[in-house]
Amino acid sequence: MRVFFNLICTAIGLWLSYAAVLDIGSLQSSAWVAYVGAVIVLGLSIWTRTRDFARWPGMTNIVAAIVAILGVALFRIGFLNGTVAFWALFFAGNVISVLALWAAIYRGGILTQS
């Protein structure tokens, strides 16, 4: 189950990076999609962190999801300009996708089965 949840987090992280690079303007009008994605990553990362013996990827994904939520929220209220919101969402999405995929492949047992 951890592998499946980490693969979901990988897909959401890739989508957050896509939203930052190619669709940052739509976050001003429909930011709830980014919020939902980041909250799903937050919940799944909390769940996988409690059940994995290597807890640092899950904890890092929790922090990255919080950064994504805060970045979009502060961008929507006008506190952050578009460039800072872009980098916050872009790096959060990249961190989430890379670490969740790493946890799915190496810690999930896909490649370590003999």
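All residue numbers here refer to positions counted from 1 along the written sequence of the relevant chain. The predicted origin of the model limits local features to residues at a pLDDT of at least 70 and limits the giving and counting of side-chain atom pairs to 80 or more, whereas totals for whole chains, interfaces and linings rest on all residues. In computing side-chain values, all of the structure's heavy atoms are included and hydrogens and water are not.

Caption draft 1: Summary view of a nonpolar patch on the surface. A surface patch of nonpolar side chains, amounting to about 760 Å² of accessible area, comprises W15, Y18, V21, L22, W32, V33, V36 and I40. Here a strand is any run of E in DSSP of at least two residues, a helix any run of H or I of at least four, and the numbering for each starts at the N terminus. Within the secondary structure, W32 sits in helix α3 (residues 32-51). Candidates for patches are residues over 30% relative accessible area with no salt bridge; among them, like charges are joined within 9 Å and nonpolar side chains (Val, Leu, Ile, Met, Phe, Trp, Tyr) within 5 Å. Methods summary: accessible areas were calculated by the Shrake-Rupley approach with a probe of 1.4 Å, and residue burial reflects only the protein chains presented. In the sections that follow, a salt bridge refers to a side-chain nitrogen of Lys or Arg positioned within 4 Å of a carboxyl oxygen of Asp or Glu.

Caption draft 2: Layout of the environment of T48. By the secondary structure assignment, T48 is in helix α3. Counting along the chain gives 46 residues from T48 to R2, while the straight-line C-alpha distance between them is 5.8 Å. Residues are treated as being in contact if the distance between any of their heavy atoms lies within 4.5 Å. Apart from the residues lying within four places of it in its own chain, the contact partners of T48 are R2, F5 and N6. By the criterion applied in these results, polar contacts are pairs of N or O atoms within 3.5 Å in which, for protein atoms, one can donate a hydrogen and the other can accept it, and in which residues neighboring in sequence qualify only through two side-chain atoms. At 3.3 Å, the side chain of T48 and the backbone oxygen of S45 are in polar contact.

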